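# Geometric and topological summary
Now for the letters of each chain:
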Amino acid sequence: MKEPEKSDNLLVKKDSVVNDTLKISTKKEKLEDIVTHTADDYISIDMKNNITTLYNNAKLHYQDVDLEAGVIIIDFKNELIKARGIVDSLGYGQLPHFKQGSEESVQDSLLVNYKTERALIWGLKTEQEGGIYLGSAISKKVNDSTLYVKDISVTTSKKEPRPDYYIDINKAKIIPNKKIIAGWSQLYIADVPTPAVMPFAYFPLTKTRTSGILIPTWGESADRGYFLQNGGYYLALNDYFDLTLTGDLYTNGSWGFSTGSSYKLKYKFSGSLDFNYENNINSLRGFDDYSKSVLYNIRWSHRQDASANPNANLSASVNLGSSTYYRESLNEYTTNANLNNTLSSSISYSKRFYGTPFNMSLSATHSQNTNTKKINMTLPTLVLNMDRIYPFAPKNGSKKNALHRLSLNYNLNGRYDLNTTDSEFFTKKMFETGRKGLKHSMSLSTNMKVLSYFTLSPSANFNEFWYFDYISKQYDIVTDKEVKDTLQGFNAIRDFSTGMSLATNVYGTFNFKKGRLKAIRHTITPSISYNYRPDFSFYDQSYYNPIKNEYVQYSPYEAALYSSPSRSMSNNIGISIQNNFEAKVMEKDSTKTEPKIIPLLNNLNFNTGYDITADSLRWSNVTMTTGIDILKKKMRINANASLDPYAINASGKRIDKFNIQNGGSLFRMTNAGLTMSYSMSNETFSGEKSPNNQSSETKNDAGIEGSDTRNIKNASASNETKTKKTRLYYADIPWTMNISYSLQYADNGFTQSGISSNSLTINGNIDLTPKWTVGYTSGYDFKRKGVTYTTLNFGRDLDSWQMTFNWVPFGYRQTYYFYIGVKSSILSDLKYDKQSPPDRRLR
């Protein structure tokens, strides 16, 4: 180590780290705070020139400034701090690391005036909001908020010393946490210059959202020419919500407009609102297929934070608009929405009244069939519910008898329903057919043990309906037709019903004395129920038909919102049998003494009914459902069937004669279904553990797994020789695959018989490499003999870039979308994307 030459210097040397704190006796305006510094080798103090030198791993702290470097020189006289690295056998190291507040930078050398905060920087390297800025020439910092640089490179790649890409700038002005204003700029990829040159550039550095222009996507459509899509402006209005305005233009005259907003209030709520409007022109004016169409779509999503109000909640999920929007839109590629033929919406508010058994909900719903263009809406639905209460239960202790378990429940339901179509949506005609009403429901129920093994559950239900209009019918002798009028007026009607059910559990166990299988248990849950409802035909009215000389009976509430009163007495018996099969199997591990329960059959259920009051066809169909999980619960199989005990006549109508009496089988299958799903991955068929988990894997001297087969001598007393095969490279390609199969059978015994649907679908992902992924969705329809909707998705992680390619190779939705761009949001406009819209002429 070279000693200082001047005799005026005071040299301090220690074997350990040197720590010192200085408070120089100067004027207040020159040094306003304590300077704390350390160094590993020595601290040299030049008392004459008022200069302090810190050598090797030097550190300095002054106010909000922290500086680390190989060498730091503090010139108190000229109010300067100099910092540089140290040259050793490994090269130039211990580069100055400067930090002031939240700003950090690394440079080759640094000269800063701690009074004026001006600085000269050589070889700057700093990071601002995800962007990395590399300066090869001198940079000048004029104050704590402005930096002038020359020959600087901007990138988001963290590869050193050569980033994946960078934008080379001849000169720029950097305002930390705000912006960069640059001059001549050129894009370099892998150090190769590209034609992407800009005379000037602007880079935002704000930590919050910033308003700005959205660059459109360009392309070509087969039936609408060239286009620009999704170009517009983004408005960061405040910290709570924003606004996006975009538009689409096509050379054939079509155009579109979209607006979207996201909002969020911390610990309160969040959501988004989108509106899309398109004015589409098909073909050219003068041609037979020329047409115009208007499409629109509204989407709203609202979520309330769980901590905002534990007793009240507001949520919304709205998706409504033109029925053909997802099929005909020029700027909508949502696959799931296109395949689904239903649009649905729901806005709901719920509240629980604390300290009471009551809760309330108010909702508005919307359901739209995109094939039939029919729309069903409820505006609104009001539900007031009282939780089940036990008026005779003891305040303390359990409920011991039927009276204690007697429960009461109340529910109020009010609705206003609207049924309309696309063309009449929100017109006057839409509200003319609206139906409204309120329903009060009250139920009593209890349960008790009968003969120790049976559970008897009696119940009673009472309903009262409030309607505000009703139907009046008359016979018009002039037209010889029935005339129906809808009259306004309040009416209240009531009905009630009673019932009871009897159920028990039957267990059967088959024990095994040998093997790991110890027992199979069969659980049967039979139940029988009875329901009674009297005749309420006294609410009916009638009119006289002089032509037929008879009175025609009708219900004034046949078109009512909920239901019209029953015109006949109902006596029904329901029968249900549920089955479950389980096995007890001992573990292979001999240390475990308890058997493992394995489901053999999740369920095997049969249900039917018998109508006592019916004069014919008293038995209802027998429905069967079953399900099982096999292959370590990776495969699920569900099946169902409907079995009719009655025969049919030549016209396909059921007759009051059992099918077996008509020369057939005991039951006639009317429909059946089978669904199977299986999920697997590379781990499903993995016979070996990854070498990373095998501590006994043989490696060569360099620490790399050997490429040959060698004999490993065991140093045991038996001197046995074990052979272990090692690999030079262990390739493990992660993948997943989901297979679903669906089969539906229908037979009405006359016009329709056979398989109604039969399809297989497959989807999954393959990670070809740690950075290459492939996703796929496809299938085959055995009924229609064709491939189902197919998509292929390719992704490549390019470190600081991302590349994706989504492709629908065939079908009327045939399209593709290619994208490659920078991951970081600061340079998100540095991208290239290309898309091919579906050819609507193929529909």
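Quick summary incoming for the structure in this document. Counting of residues starts from 1 at the beginning of each chain's written sequence and follows it residue by residue. Given that this is a predicted model, residues contribute local features only at a pLDDT of at least 70 and side-chain atom pairs are listed and counted only at 80 or more, while totals for whole chains, interfaces and linings are drawn from all residues. Hydrogens and waters are ignored; side-chain quantities use all the structure's heavy atoms.

### A closer look at the overall build of the protein
By definition, any uninterrupted DSSP run of H or I lasting at least four residues is a helix, any uninterrupted run of E lasting at least two residues is a strand, and each is numbered from the N terminus. A tally of helices and strands in the protein yields 3 helices and 59 strands. Note on classification: 1.4 Å probe, protein chains only; a residue is buried when its accessible area is under 20% of the maximum for its type, exposed when over 50%, partly exposed between these limits. The buried share among the 843 residues of the protein stands at 32%. Only heavy atoms matter for contacts: two residues are in contact if any of them lie within 4.5 Å across the pair. Residue pairs at least 24 apart in sequence account for 48% of intrachain contacts in the protein once pairs closer than 6 positions are excluded. Residue burial considers only the protein chains on display, and all accessible areas are found by Shrake-Rupley using a 1.4 Å probe. Of the roughly 50100 Å² of accessible surface on the protein, 55% is carried by carbon and sulfur atoms.

### Describing the pairing of strand S20 (residues 185–189)
Counting buried positions over the 5 residues of S20 gives 4, a clear majority of the element. Paired strands, in this sense, are two strands between which DSSP finds at least two bridges. Pairing between strand S18 (residues 165–175) and S20: 5 bridges, direction antiparallel. Bridge assignment links Tyr165 to a residue of S20, and that residue is Ile189. Where S20 and strand S21 (residues 192–198) come together, 4 bridges link them in antiparallel fashion. In the strand pairing of S21, Tyr188 is matched with Pro193. Linking S20 back to S21 in an antiparallel pair, the connection comprises 2 residues, with Ala190 at a positive phi of about 55 degrees.

### Observations concerning the pattern of salt bridges
For this document, the term salt bridge refers to a Lys or Arg side-chain nitrogen within 4 Å of an Asp or Glu carboxyl oxygen. Enumeration according to the criterion identifies 18 salt bridges in this entry. Between Asp191 and Arg162 there is a salt bridge, with the nearest N and O atoms lying 2.5 Å from each other. One end of the pair, Asp191, is in the loop between S20 and S21; the other, Arg162, is in the loop between strand S17 (146–155) and S18, with 29 residues separating them in the sequence. Using a relative accessible area of 30% as the deciding quantity, one classes Asp191 as partly exposed. Among the ionic pairs, Lys473 bridges to Glu482, the shortest N-O distance being 3.7 Å. When salt bridges that share partners are traced, they join Lys159, Asp164, Lys771 and Asp799 into one network.

### Here we look at the nonpolar core
With 43 residues, the main nonpolar core has Leu60, Leu67, Ile72, Ile169 and Phe203 as its most contacted residues. With residues near it in sequence (within four places) discarded, Leu67 still touches Ala58, Lys59, Leu60, Ile72, Ile81, Ala83, Pro96, His97, Phe98 and Leu110. Judged by nonpolar contacts, the second largest core, of 8 residues, contains Tyr467, Ile493, Tyr557 and Ala560. Side-chain atoms within 4.5 Å are what join buried Ala, Val, Leu, Ile, Met, Phe, Trp, Tyr and Cys residues into a set we call a nonpolar core.

### Looking at the environment of Gln100
Assignment of secondary structure puts Gln100 in strand S10 (residues 97–100). On the accessibility criterion, Gln100 (12% relative accessible area) is buried. Beyond its immediate stretch of four places on either side in the chain, Gln100 contacts Asp64, Val65, Glu117 and Lys141.

### Some words on the packing of aromatic side chains
The description of two aromatic rings rests on the distance between their centres and on the angle between their planes. Aromatic pairs are defined between Phe, Tyr and Trp rings, using the six-membered ring for Trp, whenever the two ring centres lie within 6.5 Å; interplanar angles under 30 degrees are classed as stacked, those over 60 as edge-to-face, and all others as tilted. Throughout the structure, instances matching the rule amount to 25 aromatic pairs. Seen in terms of ring centroids, Trp466 and Phe490 are 5.7 Å apart; in terms of plane orientation they differ by 75 degrees. Their pairing is edge-to-face. Of this pair, Trp466 sits in strand S37 (residues 454–476) while Phe490 sits in strand S38 (residues 481–503), and the two are 24 residues apart along the sequence. On the accessibility criterion, Trp466 (29% relative accessible area) is partly exposed. An aromatic cluster is present here, built from Phe465, Tyr467, Tyr557 and Tyr562 joined pairwise through their rings.

### Overview of a nonpolar patch on the surface
Patch membership requires over 30% relative accessible area and the absence of a salt bridge. Like charges are linked within 9 Å, and nonpolar side chains (Val, Leu, Ile, Met, Phe, Trp, Tyr) within 5 Å. A contiguous nonpolar surface patch, about 430 Å² in accessible area, is contributed by Leu237, Tyr240, Phe241, Leu265 and Phe269. Within the secondary structure, Phe241 is located in the loop between strand S25 (225–235) and strand S26 (243–250). Taking relative accessible area as the criterion, Phe241 reaches 33% and is therefore assigned partly exposed.

### Points about the pairing of strand S6 (residues 65–75)
By the criterion of burial, S6 is predominantly enclosed, with 8 of the 11 residues buried. Here strand S5 (residues 51–62) runs beside S6; their pairing, made up of 10 bridges, is antiparallel. In the strand pairing of S6, Ile51 is matched with Asp75. Between S5 and S6, which pair antiparallel in sequence order, lie 2 residues; one of them, Gln63, sits at a positive phi of approximately 55 degrees. For S6 and S10, the ladder comprises 4 bridges, and the chain directions are antiparallel. Directly across from Asp66, in S10, lies its bridge partner Lys99. Pairing of S6 with strand S7 (residues 80–84) involves 5 bridges; the strand directions are antiparallel. Paired with Ile72 across the two strands is Ala83, which belongs to S7. Hairpin remark: S6 followed by S7, antiparallel, with 4 residues in the connecting loop; positive phi at Glu79, about 60 degrees.

### Comments concerning unusual backbone geometry
Between Leu379 and the following residue, Pro380, the backbone shows a cis peptide bond with an omega angle of -5 degrees. Take Pro380: it is sitting in strand S33 (residues 374–389). A positive phi angle, close to 65 degrees, is found at Asp191, a residue other than glycine. Residue Tyr267 is not a glycine yet carries a positive backbone phi of 65 degrees. Within the fold, Tyr267 resides in the loop between strand S27 (255–265) and strand S28 (269–282). A residue is classified by how much of its surface remains accessible, and Tyr267, at 54% relative accessible area, is exposed.

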